[in-house]
Every structure is written in C-alpha cells, then in structure tokens.
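This is what each chain is made of:
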Amino acid sequence: MKQLLFLSSMLLLTACGSNNNDNPAPVAPPAPPPEVTNAGFEVSIVNLTAAQPLSPVTVFIHNVELQLFAIGESASAELEVLAEAGDNSQLLDSVDASAEASGSAPLGPGASESLSLELDGDDTSGLRLTLLTMLVNTNDAFTGINAVDISALEVGQSMTLNGRSYDAGTEANTEAADSIPGPAGGGEGFNAVRDDIADQVTGHGGAVTLDDGLSGSALNHTHRWDNPVAQFRITRTQ
Ligand SMILES: [Ca+2]
Ligand SMILES: [Ca+2]
C-alpha cells in the first residue's frame, strides 16, 4: 500500500512537470532597437556663366568649427590647388567632414547637376555646408558656399543661394594660356609659387580679356562673367 501511494505521488509529480513544460509562462519579445533615419541632403548646382566650365563640384557637410576659406585670409594649400587646377583631391583627403560629395566631371556653362549626401544618423545640430568649385578658364577664380547653416532645414525644405566669384589670391591674374588649365588655355594648373601678391582670398575683379586690351590674355569677351556665377539649391531629402 505504501508502495502504491509512493508511485501515485510520482505520477502526479510527473504530470505536473509535464504540464509546466507544455505551457511556459509567456515572455515578451525583446523590443526592437529604435529606428534611426539618416538625414540626407541634395545639392543642385547651376552654372550661370557663358564660357566658364566649373571644375568637379565639391560639397562638405561639417561641424560649426570648420571654415575652409575666409575673405581677407590666406588660402590653404588645399584650396590653392582647387582654385588653380580645379583639383579637389587634396581637400577631399584633408577635410574631416560628416558627409562629402564630388561631381564626377566639370560642369559646363548653362549645365546643372545634383549631388546627394547622407549623414550617419539624424542629428543635424550645428551642421554647416560648404561647396567649392573653380572657374577653370581663369588663373585662380572659384565660387561656392561658405559654411552655410543647414541645421534647421526640415525634410522637404530647401534654401537657394547665389554663388559669387572669389580670387584665391595665390596666382597673378595674367590670363596667359600657359597658366589657365581650362579649355581656353590648356596650360598649367597648380603651381606652388604664390605670385598673387595679395595672398588673400578676395572677391574676384573679373576677367580683363584680350578684347579689353590685356595683351597675352588667352581669354575673350565670352569668358567674362558677372556675379552670381552659379546658383545653389540645398534640399533636405530625409
Ligand atoms: Ca589671382
Ligand atoms: Ca600658386
């Protein structure tokens, strides 16, 4: 009799255990990580000149401390290379940006293009946008956007800016063919000698050209420009 009682209590225990295994207490699945949409921007560029191709356009989105040029200040060596040769590789290598983009080819007169930039994350606080491109039928003229505040742009919002021309102040404006890398000259681009005695970035005085009596100039009236030389539209896309 004792043995029977013992066996039946074993059966009960077994049955209880089996019931527990079939109906485990419900456990909530782990919460998925919060979804972060990377902020994105599109920058469109229109070349407003008659005969000044723009070198491959360079765009940086960066923090508030970075300033790639300033009126009255000496141009950096990297900016000198861009402004004299249209070569943005040194700037792309040296700038620590949140996002960067480069056009793949020069942008001809009247042409336009759009570049897309995506940030890592959606925090746009303090962000600035800088754009640089050379007027290639010149010695050292460039245009761009200088550290424009894009932090408050909401998705779908745009801002439009005009680009004036600047002189990098690193090369004398001789307009000689051997010193102009664009199709009007086909000459040398960058030269480390700084023979523009100002050695400071200023607004550009414009081209003089052979038609206006500058002997030795490879440029003619078509290569002149008025400000603005380009129009930029920045749109927050996401
Ligand atoms: Ca110059
Ligand atoms: Ca130079």
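Residues numbered from 1 in each chain as written. Chains lettered and ligands numbered in written order. Predicted model: local features only at pLDDT ≥ 70, side-chain atom pairs only at ≥ 80, totals over all residues.

Undergrad: Mind showing me how you'd approach the environment of Ala99 here?
TA: Within the element layout of this structure, Ala99 appears in strand β3 (residues 99–102). In this structure Ala99 comes out as partly exposed when scored by C-beta crowding, with 19 C-beta atoms within 10 Å. On a C-alpha basis, the gap between Ala99 and Leu129 in space is 9.5 Å, while along the polypeptide they are 30 residues apart. Contact partners of Ala99, with chain neighbours within four places excluded, come to Ile61, Leu117, Glu118 and Leu119. (Helix = DSSP H or I, 4+ residues; strand = E, 2+ residues; numbered from the N terminus. Buried ≥ 20, exposed ≤ 12 C-beta atoms within 10 Å, placed from the backbone. Contact = placed C-beta atoms within 7 Å.)

Undergrad: Before we go on, may I ask you to explain the sheet that holds strand β7 (residues 158–163) in this structure?
TA: Sheets are built from strands that pair by backbone hydrogen bonding, the pairs being arranged parallel or antiparallel. Pairing is antiparallel in the open sheet, where 4 strands are placed in the order β4-β1-β10-β7. The open sheet is flanked by β4 (112–118) and β7, the only strands paired with a single partner. Across the sheet, the mean angle from the axis of one strand to that of its neighbour is 20°, orientation sign disregarded. The sheet contact formed by strand β1 (residues 40–47) and strand β10 (residues 230–236) spans 7 bridges and is antiparallel. For Ser44, the partnering residue across the bridge sits in β10 and is Arg233. (Pairing = 2+ DSSP bridges. Axes fitted to C-alpha atoms, helices over the stretch in contact; angles between N-to-C directions.)

Undergrad: How should the sheet that holds strand β2 (residues 58–62) be read in this particular structure?
TA: The 6 strands are arranged β3-β2-β5-β6-β8-β9 in an open sheet whose pairing can be described as antiparallel. On the outer flanks of this sheet lie β3 and β9 (202–203), each paired with one strand and no other. As paired strands, β2 and strand β5 (residues 128–134) are joined by 5 bridges and run antiparallel to one another. Along β5, the bridge assignment pairs Ile61 with Leu129.

Undergrad: Hey, could you run me through the nonpolar core in this one?
TA: A general feature of soluble globular proteins is that nonpolar side chains tend to end up buried together. Grouped together as the largest cluster of nonpolar side chains are 39 residues, with contacts concentrated most on Val59, Leu79, Leu82, Leu131, Met134 and Phe142. At the level of elements, β1, β2, α2 (77–85), β5, β6 (141–149) and β10 are the ones that each hand at least two residues to this core. Setting aside chain neighbours within four positions, we find Leu79 in contact with Leu68, Phe69, Leu91 and Ala168. Grouped together as the second largest cluster of nonpolar side chains are 5 residues, Ile180, Ala184, Ala218 and Leu219 included. (Core = buried A, V, L, I, M, F, W, Y, C linked by C-beta atoms within 7 Å.)

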